[in-house]
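# Observations on chain architecture
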Amino acid sequence: MRHRHLSTLTLALGIAVLLDVLRVWLPSVITLFGRAAETPAELLGAFALGWFLLALAAPTLVRRVGAAPVGLAAAGVLAVARLALTAQPGGPAQLWLACAGLFAGLVWLAAVAASVPRPVAGLALGLAGNAVGHALLGTEDLVWRGGVLAWSLSALLVLAFLAASAAVRRERAGAPVRGDAARTGAPATDTADGHAGRRVPTPGRRAWLLCGPALLLAGQVALAPALWSAAAGTGSPDFPGLVRAGNGALPGALAVLLFLAAALFRGPARLARVLWPLALLAGSVLFVIGLLVPAYLLTAAGLGGCLALTDTTDDGPAVADGRGAAEPRAAATDERGADGGRAGARRGRAAVLGMLVFAVATVAYYAAYDLGYPNGWAPVATAVLVALVAATAPLRPGPTPSGAASAGPALPATVRVAALAGLTALAGLAAALHVPPAQARATTTPAAVRVAAYNIRMGFGLDGRLDVDAVARELRGADVVLLSEVDRGWWLNGGHDTLALVAGRLGMPYVFAPAADPVWGDAVLSRFPMRSGQTRRLTAHGAPTGAQALGVTLDLGGRELAVVATHLQPPPGRDPVEQAGEVAAFAGRYANGRPLVLGGDLNTEPDDPAFAEFTRSGLVDALAAARPLRTSPADDPRTQIDHVFVSPGLTATEVRAPRTEASDHLPVTLTVTLP
């Protein structure tokens, strides 16, 4: 006997596995194929989009071979790739395993779409379940972790996915083939209104078209635990425009609740087709302008509601039912049994095209930081597409096609309530599991302060793996840490809150300043109390990526130390001399006579004009005695572009640049003795 909702469970598990692979594939394209910005952005984009274009052939393969065998084979490859990535190979092997897993996932989606006209429940549960797991893990996925726990949970997820896929395959093998169109694969005709020869609208195509855009908006905004974390800790009057250590898991649980409630429970149809698209559009616009909390809450509700509007087995116009009500046309059974047919192939093409939209929008948004154009239109345009598709969907769900053996009815209310309550509670549990480090108390004034400055490349080492432990090892023992290239939820990097992960391992609170956008910038971590802070946006001067200067005041037990962290972004082929002058002037004003430490990735060498801007302002090169102190690239250091300056009267000793490949830069560490 078939289980009525097995296909929903299989789809949810498969979406969770595919998202795990995407969180490795996206940063692998950047760090391994892109080789730390050495590969031209155009070539990198072509490589990324090529896999999605190649998958456009999948629906034809599914129609010729059958959805069940193709789907099961693709599920097997996806599962093997997911487990192989957990083995942490790093390097080119990681890139190609992730590519294989991605392509298998796209083929699997096309196969599932061929026989599942109502995917919304499975999509919603898969997106929410993966986000909750991501939050419980502190945004560091199992893929990047070693040890027994990571392997056990990864194997459990993959085995459950394979078992469910195999069970669906057995069901389809025993499903009857119904109707002449099912046996012959002939074009379906619409006889509901007496007009023979008219093609029946394809059931479920709208919902499958939104699969890719939904993955993007969920991963980038609505169901992004790193974004929940980055949005927390703002609003202190002493830290205008900055983010302190905070816990965003409880508001994140509200986002999960809103998303699932809107996706799994249909409200009044005419109100919903106005309310949910407007909420989605408003959330995407708020994300672009940097109002993160209302952005992800509105996007979560709007995205879930828009998916619910497409939860129908008929994509065509409604017809009168004889009582004045609008009913969707019944779908013809042109599905060669459970294995698809022309309608199944059209749904498969819709699914793959939706994933192509995902890829184009992702590449377009992040390529702006290499090519230098406005990128806010990408998430907004994606939201507009979702809103239009949802707002023009039929007002009521249509009947399940008799040939779609695995489509299944809507989930029972008890199952929907249980899923909503369980996933929301687990998202809230993440708040108790990941408490941010507490602010230190002022003690006696130290004679010296250990300082480290490090461009951490979003936590990714030269082998392309997220290795927060390796980053933390290089910083352990420092009293003050200045970080560059801090990522707090870039979907392109897998959606991790690297700052919270590093701070948690070091037990140090932080202050974060946005630079390129609200979740990418610079940070200061300190074992001493941080009393106030200020950020100053730097003029681009032709550079494609934004930059800032972050000033933080530390309480050293009765004395104050001013610390400035920055990451200069030079225009193509030029020295960042203008930005260096802006930072030097800002630091002087911010310190206002107090002892000062300034450092970061300055993208300039000691003999360059930008370097001279700092010494001209009266600052002292704290690393001069240890020169040559080359810091980049990490595997073959040839240039010194990471620097620390101090105000006159401070003495720098024990200067080092320890060799490590935890980033593409080496860290610099030193002891600063106070006068």
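Scroll up a little and you will see the structure.
Read on for an overview of the structure.

### Observations regarding the pattern of salt bridges
Enumeration over the complete set of coordinates arrives at 15 salt bridges. Between Asp20 and Arg82 there is a salt bridge, with its nearest N and O atoms 3.1 Å apart. Of the two residues, Asp20 is situated in helix α1 (residues 6-33) and Arg82 in helix α4 (residues 67-86); the sequence distance between them amounts to 62 residues. On the accessibility criterion, Asp20 (9% relative accessible area) is buried. Note that Arg118 is salt-bridged to Asp311, the shortest N-O span being 3.2 Å. Note that Arg118 is positioned in the loop between α5 (91-115) and α6 (120-136) and Asp311 in the loop between α14 (292-309) and β2 (318-320), a separation of 193 residues in sequence. Judged by its relative accessible area of 14%, Arg118 is buried. It is possible to trace a salt-bridge network through shared partners that takes in Glu140, Arg145, Asp469 and Arg505.

### As for the packing of aromatic side chains
This model, assessed by the stated rule, comprises 18 aromatic pairs. For the ring pair Trp25 and Phe52, a centre distance of 5.7 Å and an interplane angle of 70° mean the geometry is edge-to-face. One end of the pair, Trp25, is in helix α1; the other, Phe52, is in helix α2 (residues 41-54), and 27 residues separate them in sequence. When sorted by exposure, Trp25 lands in the same class as Phe52, which is buried. An angle of 10° between the planes, with centres 4.0 Å apart, marks the rings of Phe33 and Phe47 as stacked. Of this pair, Phe33 sits in helix α1 while Phe47 sits in helix α2, placing them 14 residues apart in sequence. A relative accessible area of 21% means that Phe33 is categorised as partly exposed. Taken together, the ring pairs in this structure connect Tyr365, Tyr366, Tyr369, Trp490 and Trp520 into an aromatic cluster. Here the basic side chain of Arg488 rests over the ring of Phe512, its NZ or CZ set 5.4 Å away from the ring centre. Above the plane of the ring of Tyr590 lies Arg594, whose end atom (NZ or CZ) is 5.3 Å from the centre.

### Some remarks on helix α10 (residues 211-222)
Along its 12 residues, α10 runs just 14 Å from first to last C-alpha, ending more than 12% under the 16 Å computed at 1.5 Å per residue. Among the 12 residues that make up α10, 12 are buried, leaving the element largely enclosed by the rest of the structure.

### Description of the nonpolar core
Counting 155 residues, the largest nonpolar core has Trp25, Trp208, Phe259, Leu260, Leu483 and Leu525 as its most contacted members. Top contributing element to this core by residue count: α1, with 15 residues. Contacts of Trp25, omitting those with residues within four sequence positions, involve Ala48, Trp51, Phe52, Ala98, Cys99 and Leu102. Counting residues in hydrophobic clusters, the runner-up holds 32 residues, among them Leu482, Val524, Met530 and Val552.

### With respect to unusual backbone geometry
The peptide bond linking Arg627 to Pro628 adopts the cis configuration, its omega dihedral lying at 5°. Topologically, Pro628 is positioned in the loop between β12 (620-621) and β13 (642-646). Ser632 connects to Pro633 through a cis peptide bond whose omega is -10°. Residues other than glycine seldom take positive phi values, yet Met458 does so here, at roughly 60°. Mapping Met458 onto the fold places it in the loop between β4 (448-455) and α18 (468-475). Positive phi, close to 55°, is recorded for His541, a residue that is not glycine. Following the sequence through the fold, His541 ends up in the loop between β8 (530-537) and β9 (548-555).

### Some remarks on the environment of Leu26
Relative to the elements of secondary structure, Leu26 occurs in helix α1. Considering only alpha carbons, one finds Leu26 and Ala359, 333 residues apart in sequence, at a separation of 9.9 Å. Leave out the neighbours within four places in its chain, and Leu26 touches Thr362, Trp491 and Leu492.

### Considerations on the sheet that holds β9
The strands that make up a sheet pair up through hydrogen bonds in the backbone, lying either parallel or antiparallel. Read across the sheet, 6 strands follow the order β8-β9-β10-β11-β13-β12 without closing on themselves; strand pairing throughout is mixed. Two strands in the sheet have a free side with no partner beyond their single neighbour: β8 and β12. Judged from the 6 bridges that link them, strand β10 (residues 560-567) and strand β11 (residues 596-601) form a sheet pairing that is parallel. When the sheet's bridge partners are listed, Thr566 is paired in β11 with Gly600. This element, helix α20 (residues 577-591), spans β8, β9, β10 and β11 of the sheet and lies at about 150° to β8.

### Points about the sheet that holds strand β6 (residues 510-517)
If you walk across this open sheet you meet the 7 strands as β1-β6-β7-β5-β4-β15-β14, and the pairing is mixed. Across the chains shown, the open sheet's two edge strands, defined by having one partner strand only, are β1 (243-244) and β14 (651-656). When β4 meets strand β5 (residues 480-487), the two strands line up parallel, connected through 5 bridges. The residue bridging Ala452 from the neighbouring strand is Val481, located in β5.

Definitions and cut-offs
- Residue numbers here run from 1 along each chain, matching the order of that chain's written sequence.
- Given that the model is predicted, a residue must reach a pLDDT of at least 70 before its local features are reported, and side-chain atom pairs must reach 80 or more before they are shown or counted; all residues, however, enter totals for whole chains, interfaces and linings.
- Neither water nor hydrogens contribute to the side-chain values; these are computed over all heavy atoms in the structure.
- Criterion for a salt bridge: a side-chain nitrogen of Lys or Arg within 4 Å of a carboxyl oxygen of Asp or Glu.
- Strands are runs of DSSP state E lasting at least two residues, helices are runs of H or I lasting at least four, and both sets are numbered from the N terminus onward.
- Each residue is placed in one exposure class: buried if its accessible area under a 1.4 Å probe, protein chains only, is under 20% of its type's maximum, exposed if it is over 50%, and partly exposed if it falls in between.
- Only the six-membered ring of Trp is used, alongside the rings of Phe and Tyr, when aromatic pairs are assigned; centres must lie within 6.5 Å, and planes under 30 degrees apart are stacked while those over 60 apart are edge-to-face, with the rest tilted.
- We call a charge positioned over a ring when the NZ of a Lys or the CZ of an Arg lies within 6 Å of the ring centre and within 35 degrees of the ring normal.
- Helix span, as expected, comes to 1.5 Å for every residue beyond the first.
- In these notes, a set of buried Ala, Val, Leu, Ile, Met, Phe, Trp, Tyr and Cys residues joined through side-chain atoms within 4.5 Å is what counts as a nonpolar core.
- The contact criterion used throughout is that any non-hydrogen atoms of two residues lie within 4.5 Å.
- A pair of strands counts as paired when DSSP detects no fewer than two bridges linking them.
- Axes here mean lines fitted to C-alpha atoms, for a helix over just the part in contact, with angles spanning 0 to 180 degrees between N-to-C directions.

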